Amino acid sequence: MKRDHISFIFRGARVDLAGFSPHATLLEWLRLNARATGTKEGCGEGDCGACTVVLARASDGALDLRPVNACILLMGQVDGAEILTVEDLAEGNTLHPIQQAMVDHHGSQCGFCTPGIVMSLFALQQSAQGPVTRPQVERALAGNLCRCTGYRPIVDAAMESCSGPAQDRFAAATALRLAALAEMTDSADVFVGTSTQFFAAPASEDALAALYLEHPDALILSGATDVGLWITKALQTPPKIIWLGRLRGAFTAIEAGDKALSLGAGLTLADASAPLITLHPDFAEIMRRFGSAQVRASGTIGGSLANGSPIGDIAPCLIALGAEIELRRGSDLRRLPLEAYFIAYKQQDRRSGEYLRRIIIPRPAPDRAFRAFKVSKRFDEDISAVLGAFHIGLAGRHVIFARIAFGGMAATPSRAPQAEMAAIGIDLDAPATWAEALTAITLDYAPIDDARASAGYRTLISRNLFLKTLMEISGIPAEITRISGFEVPHAAE
Amino acid sequence: MPPNDSSLLGAESLAVVSHPVRHDSAALHVRGAAAYIDDIREPQGALHVAPGLSPATRGRIKTLNLDPVRAAPGVVAVLTPADVPGHNNTSHFDDDPLIADGAVVFRGQVTFAVVARTRDEARRAARLAQVEIEEETPILTIEDALAANATVLPDYDFKIGDPHAALAAAQHRLEGKLRIGGQEHFYLEGQAAFAIPGESGEMLVHSSTQDPTELQNVVAGVLGMPNAFVTVETRRMGGAFGGKETQAAQTGALAALAAYVTKQPCKLRLDRDDDFAITGKRHDFRADWTVGFDDEGRIAAYDVALNARCGCSVDMSPGVVDRAMFHAANAYHLPATNIMSRRLFTNTVSNTAFRGFGGPQGMLAIERVMDAVAHATGRDPLDVRKANLYTAGANVTPYGQTVEDPDVLASLIDKLEASSDYRARRAQIAAWNETSPIIKRGLALTPVQFGISFTLQHLNQAGALVHVYQDGSVHLNHGGTEMGQGLFTKVAQVVAEEFGIPLDWVRITATNTAKVPNASPTAASAGSDLNGMAAQAAAREIKGRMIAFATERYDATPDQIRFRDGLVVIGNQTVPFPELAKLCRQNRVQLSHAGFYKTPDIHWDRAARTGRPFLYYAYGAACAEVAIDVLTGENKVTRVDILHDAGRSLNPALDIGQIEGGFVQGMGWLTTEELVFDAKGRLATHAPSTYKIPVASDVPADFRVALLDEPNRAATIYRSKAVGEPPLMLAIAVYSALLDALHSIDPGKQVQLDAPATPERILKAAEALKVV
Ligand SMILES: Cc1cc2nc3c(=O)[nH]c(=O)nc-3n(C[C@H](O)[C@H](O)[C@H](O)COP(=O)(O)OP(=O)(O)OC[C@H]3O[C@@H](n4cnc5c(N)ncnc54)[C@H](O)[C@@H]3O)c2cc1C
Ligand code: FES
Ligand code: FES
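Residues numbered from 1 in each chain as written. Chains lettered and ligands numbered in written order. Predicted model: local features only at pLDDT ≥ 70, side-chain atom pairs only at ≥ 80, totals over all residues.

A. Representation of the overall build of chain A in the model. Along the backbone of chain A there are 18 helices and 21 strands. Over its C-alpha trace chain A gives a radius of gyration of 23 Å, about what one expects of a compact globule, namely 23 Å for 493 residues. The proportion of buried residues among the 493 residues of chain A is 55%. Within chain A, contacts between residues at least 6 apart in sequence are counted, and of these 68% link residues at least 24 apart. (Helix = DSSP H or I, 4+ residues; strand = E, 2+ residues; numbered from the N terminus. Rg over C-alpha atoms; globule rule 2.2 N^0.38 Å. Buried ≥ 20, exposed ≤ 12 C-beta atoms within 10 Å, placed from the backbone. Contact = placed C-beta atoms within 7 Å.)

B. Inspection of the confidence of the model for chain B at higher detail. Residue and element names in this part refer to chain B. Of the residues in chain B, 98% have a pLDDT of 70 or more, and the chain-wide mean is 96. Note on residues 1–9: pLDDT under 50 across the span, and ten contacts to partners over four residues away in sequence or across chains. Across the interfaces of the predicted complex, the ipTM metric reaches 0.97, alongside a pTM of 0.97. (pLDDT = per-residue confidence, 0-100.)

C. Here's a closer look at the site of ligand 1. Residues and elements named next belong to chain A. Taken together, 32 residues lie around ligand 1, and Gly46, Ser222, Gly223, Gly303 and Ser304 are the ones closest in. The greatest single-element share of the shell around ligand 1, amounting to four residues, is contributed by helix H13 (residues 301–306). Considered class by class, the residues forming the shell around ligand 1 number 14 nonpolar, 14 polar and four charged. Each of domain 2 (185–245) and domain 3 (250–478) gives at least three residues to the shell around ligand 1. (Near = placed C-beta within 6 Å. Nonpolar A, V, L, I, M, F, W, Y, C, P; charged D, E, K, R; others polar. Domains from an automatic or database assignment.)

D. Here's a closer look at the pairing of strand S3 (residues 13–17) of chain A. All names here are of chain A. The pairing of strand S2 (residues 6–10) with S3 spans five bridges and is classified as antiparallel. Each bridged residue has a counterpart across the sheet, and for Phe8 the counterpart in S3 is Val15. Turn length for the S2-S3 hairpin, with the two strands adjacent in sequence and antiparallel, is two residues, and the turn residue Arg11 shows positive phi of about 55°. (Pairing = 2+ DSSP bridges.)

E. The arrangement of the packing of helix H15 (residues 527–554) of chain B against helix H16 (residues 577–586) of chain B in detail. Residues and elements named next belong to chain B. At a closest axis distance of 10 Å, the pairing of H15 and H16 adopts a crossing angle of 85°. When the axis of H15 is compared with that of H16, the two are roughly perpendicular. Along its contact with H15, which presents Met546, Phe549, Ala550 and Arg553, the element H16 presents Leu580, Leu583 and Cys584. Considering only residue class, the contact of H15 with H16 consists of six nonpolar, no polar and one charged. (Axes fitted to C-alpha atoms, helices over the stretch in contact; angles between N-to-C directions. Parallel < 35°, antiparallel > 145°, perpendicular 65-115°, else oblique.)

F. Looking closely at the sheet that holds strand S13 (residues 324–329) of chain A. All names here are of chain A. With antiparallel pairing, the five strands of this open sheet are ordered in space as S11-S12-S17-S13-S14. Of all the strands in the sheet, the pair left with one neighbour each is strand S11 (254–256) and strand S14 (332–337). Within this sheet the neighbouring strands show an average axis-to-axis angle of 20°, counted without direction. Relative to strand S17 (residues 354–362), S13 runs antiparallel, the two being bridged by six bridges. Residue Ile325 lies in a different strand from S17, and its bridge partner there is Ile359.

G. How the structure looks around the domain arrangement of chain A. All names here are of chain A. For chain A, the assigned domains are domain 1 (2–183), domain 2 (185–245) and domain 3 (250–478). For domain 2 versus domain 3, the distance between C-alpha centres works out to 29 Å. Counting from both sides, the interface comprises twelve residues of domain 2 and, opposite them, 17 residues of domain 3. No other element matches helix H8 (residues 205–214), which puts four residues into the side of domain 2 that touches domain 3. Tallied by class, the residues present in the side of domain 2 that touches domain 3 amount to seven nonpolar, three polar and two charged.

H. Fine view of the nonpolar core. The biggest cluster of nonpolar side chains holds 409 residues, and the ones touching the most others in it are Val114, Ala255, Ala256, Ala258, Val495 and Leu738 of chain B. If we skip the residues at most four places from it in the chain, Val114 of chain B touches Val49, Ala50, Gly52, Val69, Val75, Val78, Ala122, Ala125 and Ala126 of chain B. (Core = buried A, V, L, I, M, F, W, Y, C linked by C-beta atoms within 7 Å.)

I. Structural detail: the environment of Gly86 of chain B. Residues and elements named next belong to chain B. Relative to the helices and strands, Gly86 is located in the loop between strand S3 (75–79) and strand S4 (103–104). Sequence spacing of Gly86 and Met533 is 447 residues, and the spatial spacing of their C-alpha atoms is 37 Å. Residues in contact with Gly86, not counting those within four places in the same chain, are Gly221, Val222, Leu223 and Gly224.

J. Seen up close, the interface of chain B and chain A. Across the boundary between the two partners, chain B contributes 73 residues, which contact 67 residues of chain A. Among the elements of the structure, helix H1 (26–31), helix H3 (119–126), helix H8 (272–278), helix H13 (422–435), strand S27 (616–629), strand S28 (635–645), helix H17 (652–670) and helix H19 (759–770) of chain B are those that each provide at least two residues to the side of chain B that touches chain A. The element best represented in the side of chain B that touches chain A is H17 of chain B, accounting for seven residues. Class assignment of the residues belonging to the side of chain B that touches chain A gives a composition of 31 nonpolar, 22 polar and 20 charged.

K. Region of interest: the sheet that holds strand S5 (residues 62–69) of chain A. All names here are of chain A. Spatially, five strands are ordered S3-S2-S6-S4-S5 in an open sheet, and the strand pairing comes out mixed. Every interior strand has two partners, whereas the edge strands, S3 and S5, have only one. Direction aside, the axes of adjacent strands within the sheet are offset by 30° on average. Looking at chain direction, strand S4 (residues 52–59) and strand S6 (residues 82–84) are connected through three bridges and run antiparallel. Bridge pairing links Ala56 to Glu82 in S6. Across the sheet, helix H7 (residues 174–184) lies against S2, S3, S4, S5 and S6, angled at about 80° from S4, the strand it touches most.

L. Structural view of helix H7 (residues 248–262) of chain B. Residue and element names in this part refer to chain B. Taking 1.5 Å of rise per residue, 15 residues should cover 21 Å, and H7 covers 21 Å from first to last C-alpha, within 8% of that figure. In terms of burial, H7 is a largely internal element, 14 of the 15 residues being buried. Phi turns positive one or two residues past the end of H7, at Lys263, with a value near 60°. (Expected span 1.5 Å × (residues − 1).)

M. Here's a closer look at the packing of helix H2 (residues 97–104) of chain A against helix H5 (residues 152–161) of chain A. Residue and element names in this part refer to chain A. Relative to each other, H2 and H5 sit at 140°, their axes nearing to 8 Å. Judged by the inter-axis angle, H2 sits oblique to H5. Seen from above, H2 lies across H5 with right-handed handedness. Within the contact between the two elements, H2 uses Pro97, Ile98, Ala101 and Met102 and H5 uses Ala157, Glu160 and Ser161. Taken together, the residues of the contact of H2 with H5 sort by class into five nonpolar, one polar and one charged. (Left-handed = near helix turned anticlockwise from the far one by under 90°.)

N. View of unusual backbone geometry. Cis peptide bonds are those with omega within 30 degrees of zero, and the linkage from Gly164 of chain A to Pro165 of chain A qualifies with -10°. By the secondary structure assignment, Pro165 of chain A is in the loop between H5 and helix H6 (169–172). Across the junction of Ala755 of chain B and Pro756 of chain B, the peptide omega takes the value 0°, indicating a cis bond. Tracing the sequence through the fold places Pro756 of chain B in the loop between helix H18 (732–743) and H19. For Phe241 of chain B, which is not glycine, the phi torsion reads 65° and is therefore positive. When you line up the elements, Phe241 of chain B lands in the loop between strand S11 (230–234) and H7.

The structure is reproduced here in structure tokens:
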């Protein structure tokens, strides 16, 4: 079955849209076509949140609301969703409780960030199950820049208004809204356009595999958190786009085995977070600091690996754990170690017509320690200067196995072979035995200078993160080795 | 009536002023209904402009082939210097071409502009130009400029005492160099303007500008028409911070030129990356300092050279660098001082106004010196600071102004020291640092003394237009602009207070050069000081006429008449304000007035280096606590206490907002916000992906902000104080606390830490201290 348009709900009504360019963004559609100018553009690259809107979809019978950056979301990606913008919140002259709290707490000054902030908080509130906490609010706002207020009043407004479960008119209309979404749901392969210019969204992997073989020159699109910028900033106009967002089954499955975790490539980073954290608690911070809530709601784990980025956060962690990936072309499946996928800068082991479908990650054995650290200029929503992942095997107090991978240190995410070798035999109780391995790591990479960090700093960090790993696994508690969770100890009263 | 007789009343007797009234647009903001330039609905046929940017940093334009641009889909016109009917420049100093002509002096300079049916088409077409530039070696860094002796303006200095002799005689001497980074404004709404041509060539420009009058002047100059043909209107800006003072001119003038050439309405909204490339930033500085002091940390002499990177043109550098010098002593009495400044030319975007206007850079240098002196003497940095504050007997600044109220700051610091529990926390932190191998903590309490008034005399004026309509509603307009700071709300409060009417009877309207002419930019924190006074003057004049009428009509004397709660109380009868307004109209009493104000008592003789440039000082202090990771340089601000002097606040809620927002912006400047130019002069931190302003999680979870609620001793509007800029400098406490944390690594050494204190710089400083 084929469908020649996308369908979505906007202002409570269903819209069937066929006349849009494959690379049009949702923000363009809102501001220029729908003349809904409440949603702002502050950067056009997913970093400021002024364009935040909420997409509601049905998921296992419940409404799932996610904040997204409309500036880098392609129009076709709204298929099957309800679009909620800042204009939807108030009812007549009555402000939504979040809006009212923002007014009461003086949460806006120039007001330009405000619509996006309101929508991020709305997404938080609609999914909150209980009282909201300050860390939750900070996490929800990591992708919303405000240059005026200093955030304090916004956080206060959120603390007052975002506790769940929501009891507003949106919550009250959940059943109706689910029904409206269900009415749009079908298993058609979406194909809008012509054979030379189209936006396609196959509904099954078989349809995808066939379509991609037919159009190997098409651009595969997952969350568009990379691709969106090619369009808004590099002004590319990819004529053929195949969006993977309608695929279900293995492509978005989580298989949590005892020995390994398998993640479908189509899982959003938001959905992949919980299973990844079961591998090791350090994933909690890595995932929390991956972009922002908006980026995680759109971006996928498959996209974050497939793009071959040398500064991606997930790849080094998974390489250290020895992950494998599964690719599909036509009906052929192939598996390879993740690290082998990255051949060189902007060059990956991916054949024409082939796509990434699954990631298989062995769980660290009980006698192995794992550590992952992200170092960036700003704690939240920043690209890593360096990301170090350490997988260390111990026999008693001696290191007998080491698998170390870094991002930000080379043209691809890659391992530290000399350090891994030199680490064998380290005695955790004799820091003198650490020196050789610590030096070795500085020889494993020749990083570059760029706007994020100098080569010298990167090298020093790689060494120091290794040192910190050894200090932690030798027994120093993380409360006093890491700044991220650091809290000022309470003074004796 | 003496000015501000009502200021002698306590806040409790005021009905509107001093109340924490919400921002007038708050309800519109939260609904997405507040309109910014790009939200104004365009008439049919409106066109869009995009600039073409220079790919080279310095050189002569050999060829500029715009044929591919003209041939691109949707293109209606391409603008070059030949299309400019008037003067191809946007600057008083004649060195900022609207469109580069012949030569380029920085990378990203506008070399042409495209007008097309859609913004998307304009942006795409702008990339198709074929440019050939004969490149010359650019002057990029402060060191390059010093070596080449390249300046935009002559050096300037002021001096008191004999600093060289005093340095030679001092018990101790220290010297150092501090690099102070610049800062991108990152107003959330980028530069934008929408120009609509009129029937006989006149031009209406809607602009996101802090200075509509200046834009009017620039547009008239570019189009070669009288100012009276150009109207500029600004309802609100999505943030500005100084970045839309002169820097809004180019965007506005390009939109107007496009509208002039095509005779169609034309809009230019810069893409964020273009905005980063084209518009100026906070000046970066290198402060070369020498200080002489005694065992107690009392400063005997301070010699500082403020080397400012002004970029490729003069722009506002004269005022910015002068203000850096005015604040180079901050709150300290320096018996012998030499403050010298160099205004360096570089082939980078022309640096401009940014909240604080040079003050922060001058102030950071002396605060850094205070820490160096404390570290050298082994005394607590707060004690060193206190030992050097201005006092009643030692209160003359290096520029000859007497600080009349040094007791205000001294007692403010004492209060903050107590309320922040400074001494006890100092002891706890020292104990922690003894045993913690990786995480070190630091604490600092630093003061701010910021001079209020434009240092360019003539800007200290303002106009306001007030109409009372026959139904008692009031139309308010003034020359100030709203950029989020709440100026419109504050001025409306003043007018409502004057007429004794509810705030919502006062209709706030967009700043418009046709209503209030010849206004000053909304800058120098002076918005409510100046416009509040002008609006009050206008309201008082009208009120005076209403009183005169009422005395006749009701046979009363003026002192029997009071305006309050929407009523006019005349002896023992009351008339609703609307009724009196109606009666006035029927009896031909003029209910409209243009008010005017100019700041009294200020003068500054730049050549003689003396005078009283500031009407008064705004004070504040902050106590910041931080933690750093000595293995990575990562850091966190864990607690901040602020006590700030806003005089008797016109609106405590808005003032607290300015303090918190200013502090966080200053914290960004000193920590994560790093402008990186690569070796070729390209701004590598070109967008928020690489340029990191604070987000919510950077703000200390424990953030305590209080107002020092004491009336301004100077006669300002309701005895309030300006609050826009001073709080930015409270963030110096964060930088100083980072120095303190680093200092704990080896208390025997001086710390080397430039600003911004990024994790990389902190780690570098930590490594230097670890070396034995
Ligand atoms: C504001 C912002 C913050 C960010 N922060 C981070 C961060 O903290 N850490 C980090 O690592 N990254 C970050 N990123 C980068 C980016 O979000 C990720 O790399 C993201 O995971 C890409 O996934 P996506 O689904 O959006 O990919 P898309 O943009 O849809 O695609 C990216 C590339 O992968 C290809 N592709 C996608 N899916 C597949 C597939 N299944 N098979 C084959 N090819 C495929 C596409 O063709 C394209 O070439 C950030 C991006 C933004 C905009
Ligand atoms: S406009 Fe900045 S994130 Fe979309
Ligand atoms: S209120 Fe101005 S950016 Fe947030």
